[in-house]
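# Coordinate inspection notes
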Amino acid sequence: MDKILVTGSAGQLGTELIQKLCEVYGSEAIIASDINHNAAKKFPFCSFIALDVMDQVSLKKVILSENVTQVYHLAAVLSASAEQKPRMAWDLNMDSLLILLELAKELKLDKIFWPSSIAVFGKESPKENTGQNAVQTPNTVYGISKSAGEKWCDYYYQHHQVDVRSIRFPGLIGYKAKPGGGTTDYAVDIFHKALSGESFESFLKKDTRLPMMYMPDAIQATLDLMEAPKEHITVRSSYNLAAMSFTPEEIYLELKEYFPDFNINYVPDYRQEIAANWPQSINDLQARKDWNWQSKFDLPQMTKDIIINLPNWLNKI
């Protein structure tokens, strides 16, 4: 039986991914972990272990004692937060991955999942329909660490047969966790402001178009990739993935349909420069070809779903 360890569980992706993993594999097969001991209260439906992914001895001990066969390695410092603490972000984002890849090689783990990001691209990359093998010139700590991480993942597969799989996520939007310090997190926070009757202050310009994805699509893509036959995986760095692209103005106007009195102000800050170097749309043909990826949500569908579900979720917490 598969036993799956998820690191960095308390983040936006981990919170929802673990719920889905429990549905698919059973709660007894899933171990949530996070450096924050208080994160345990988020996961009453499965095992939880307080774990520092930079502690190789402790990580190895958990893998062995719990008979872990797969690791979903989500622990990371995201783009905007990483610019505030660049050395810490580099150390966590890079060293923790290398520690895990070494353990995967040593302990012969079945599979590793590690998320990359569109932040690997930069101002020299094509802005529209950015391809799988487009040039990578990241100019943020987060993007640099993800670009380097992709190359390490490919290296450990090519040289040590570590079955590591990865997705370059666009901006992820969900309602079951608070924003986690990413440049695209405005698209999460704006829903909370609209529902609370507050005006929203956007740290990006109104016409800044970025690739985005609703969390259910991101979760399904992760599971589809991890369940795909090994021989179908042709990309061992990280797969491009796409769903929708929109601007702050477009999501604001979508919300105005539900909240006519909702207001927005544009006050660009340092995150505008980060976003300006990222793609506006992504070509994910390889993922569609290799493991039949297909998104389900566009902007109107996502907006409607969040407005229906977010109030109930807030009442639970």
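Residues numbered from 1 in each chain as written. Predicted model: local features only at pLDDT ≥ 70, side-chain atom pairs only at ≥ 80, totals over all residues. Heavy atoms only, no water.

A tally of regular secondary structure across the chain gives 11 helices and 12 strands. Taken against the 2.2 N^0.38 rule, which gives 20 Å for 317 residues, the C-alpha radius of gyration of the chain at 19 Å falls within 12% of a compact globule. The C-alpha extent of the chain, read off along each of the three principal axes, is 55 × 45 × 40 Å. Looking at the chain as a whole, 54% of its 317 residues qualify as buried. The contacts of the chain with a sequence gap of at least 6 include a subset with a gap of at least 24, amounting to 80%. Carbon together with sulfur atoms contributes 49% to the accessible area of the chain, which is approximately 13700 Å² in total. (Helix = DSSP H or I, 4+ residues; strand = E, 2+ residues; numbered from the N terminus. Rg over C-alpha atoms; globule rule 2.2 N^0.38 Å. Buried < 20%, exposed > 50% of the residue type's maximum accessible area, 1.4 Å probe, protein only. Contact = heavy atoms within 4.5 Å. Areas by Shrake-Rupley, 256 points an atom, 1.4 Å probe, with all protein chains shown as cover.)

Here we take up the sheet that holds strand 7 (residues 171-173). Within a sheet, neighbouring strands are paired by backbone hydrogen bonds and run either parallel or antiparallel to one another. Strand order in the open sheet formed by 3 strands is 7-9-11, and the pairing between neighbours is mixed. Because the sheet does not close on itself, it has two edges, and the strands there are strand 7 and strand 11 (244-246). Ignoring strand direction, the axes of neighbouring strands in this sheet form an average angle of 45°. Where strand 7 meets strand 9 (residues 210-214), 3 bridges bridge the pair, whose relative direction is parallel. Its bridge partner lying in strand 9, G171 is registered against M212. (Pairing = 2+ DSSP bridges. Axes fitted to C-alpha atoms, helices over the stretch in contact; angles between N-to-C directions.)

With that out of the way, let us pick up the nonpolar core. Counting 45 residues, the largest nonpolar core has I173, Y186, I190, F191, F246, I251 and M302 as its most contacted members. Only helix 4 (86-107), helix 5 (141-160), helix 6 (186-196), strand 9, strand 11, helix 8 (248-256), helix 9 (270-276) and helix 11 (299-316) provide two or more residues apiece to this core. For M302, the residues in contact, after removing those within four places along its chain, are I173, F191, Y214, M244, F246, I251 and F297. Formed by 34 residues, the second largest nonpolar core is a distinct cluster that contains F43, M215, I219 and A287. (Core = buried A, V, L, I, M, F, W, Y, C linked by side-chain atoms within 4.5 Å.)

Next up on the list: the packing of helix 2 (residues 56-65) against helix 4. Viewed as axis vectors pointing N to C, helix 2 and helix 4 meet at an angle of 40°, and their least axial separation amounts to 11 Å. Viewed along their axes, helix 2 and helix 4 adopt a mutual orientation that is oblique. Crossing of helix 2 over helix 4 shows right-handed handedness. Across from Q56, L59, K60, I63 and L64 in helix 2, the residues of helix 4 making contact are I99, L100, L103, E106 and L107. Residues belonging to the contact of helix 2 with helix 4 are distributed by class as follows: 7 nonpolar, 1 polar and 2 charged. (Parallel < 35°, antiparallel > 145°, perpendicular 65-115°, else oblique. Left-handed = near helix turned anticlockwise from the far one by under 90°. Nonpolar A, V, L, I, M, F, W, Y, C, P; charged D, E, K, R; others polar.)

This part covers the sheet that holds strand 5 (residues 111-117). Within the open sheet, the 7 strands sit side by side as 3-2-1-4-5-6-10. Their pairing is parallel. Edge positions in the open sheet fall to strand 3 (47-50) and strand 10 (239-240), since each of these has one partner strand only. Examined bridge by bridge, strand 1 (residues 4-7) and strand 2 (residues 30-34) share 3 bridges and lie parallel to one another. What sits directly across from L5, in strand 2, is I31. Sheet contacts for helix 1 (residues 12-25): strand 1, strand 2, strand 4 (70-73) and strand 6 (164-169); angle to strand 2, the most-contacted strand, approximately 165°.

In terms of backbone geometry, most residues other than glycine have negative phi values and most peptide bonds are trans. Positive phi values are uncommon outside glycine, yet N67 reaches one of about 55°. Relative to the helices and strands, N67 is located in the loop between helix 2 and strand 4. Given the relative accessible area of 58%, N67 is considered exposed. Phi at K108 is positive, roughly 55°, even though this residue is not glycine. Locating K108 in the fold gives a position in the loop between helix 4 and strand 5.

The next thing to look at is the state of the cysteines. This model, assessed by the stated rule, comprises 0 disulfides. Free of any disulfide, C46 has its nearest neighbouring cysteine sulfur in C22, separated by 4.3 Å. (Disulfide = S-S within 2.5 Å.)

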